[in-house]
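Structure at a glance
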Amino acid sequence: QVQLVESGGGLVQAGGSLRLSCAASGRTFSSYAMGWFRQAPGKEREFVAAISWSGGNTYYADSVKGRFTISRDNAKNTVYLQMNSLKPEDTAVYYCAADVVTIVVVTTEGEYDYWGQGTQVTVSS
């Protein structure tokens, strides 16, 4: 079992920055990959970023590449999403997720086994 708790969401103006955190507990954090997804009102949940268990490999959706950075601190059992140059279209509930089974890092929602409760990010124009 893995428990995930996101924090750091809020209201920010376009062009601003936020850093999301996701604290994990349960299984050994350094043994599994982590991902961030988001869901905007009326839309499907979509992949944002993912990171391997070691932090050595990262993947991003094209829509956030160059603006968002995913990282992890295995000593603190925490994964982060640094979001810069935010746009109104980034407004969504952001979820972190853990993939405890797949060896390679995946971007598919269905491959993730555990999910946090989500944190709201609102970007005003």
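For the structure, see preceding data.
Residues numbered from 1 in each chain as written. Predicted model: local features only at pLDDT ≥ 70, side-chain atom pairs only at ≥ 80, totals over all residues. Heavy atoms only, no water.

1. Examining the side chain of Thr91
Just so we agree on the cut-off: For the purposes of this entry, the term helix denotes a DSSP run of H or I that reaches at least four residues, the term strand denotes a run of E that reaches at least two, and both are numbered from the N terminus. By the criterion applied in these results, polar contacts are pairs of N or O atoms within 3.5 Å in which, for protein atoms, one can donate a hydrogen and the other can accept it, and in which residues neighboring in sequence qualify only through two side-chain atoms. Contacts were defined at the residue level, with two residues in contact if any of their heavy atoms lie within 4.5 Å.
Along the chain, Thr91 turns up in the loop between β8 (78-83) and β9 (92-99). Of note is the side chain of Thr91, whose polar atom sits 2.9 Å from the backbone oxygen of Pro88. A distance of 2.9 Å separates a polar side-chain atom of Thr91 from the backbone nitrogen of Val123. Beyond its immediate stretch of four places on either side in the chain, Thr91 contacts Ala40, Gln120, Val121, Thr122 and Val123.

2. Focus on the side chain of Ser52
Checked against the element boundaries, Ser52 lands in the loop between β5 (46-51) and β6 (58-60). At a separation of 3.2 Å, a polar atom in the side chain of Ser52 contacts the main-chain amide nitrogen of Gly56. Excluding residues within four positions of it along the chain, Ser52 makes contact with Ala33, Asn57, Arg72 and Val105.

3. What to know about the state of the cysteines
Using the following cut-off: Here, a disulfide means two cysteine sulfur atoms that sit within 2.5 Å of each other. Exposed residues in this analysis have more than 50% of their type's maximum accessible area, buried residues have under 20%, and partly exposed residues fall in between, with area computed by a 1.4 Å probe over protein chains only.
For the structure shown, the criterion picks out 1 disulfide. The residue that forms a disulfide with Cys22 is Cys96, at a sulfur-sulfur distance of 2.0 Å. One disulfide, between Cys22 and Cys96, carries an S-S torsion of 50° and so falls in the right-handed class. Of this pair, Cys22 sits in strand β3 (residues 18-26) while Cys96 is found in strand β9, placing the two residues 74 residues apart along the sequence. By relative accessible area, which is 0% here, Cys22 ends up buried.

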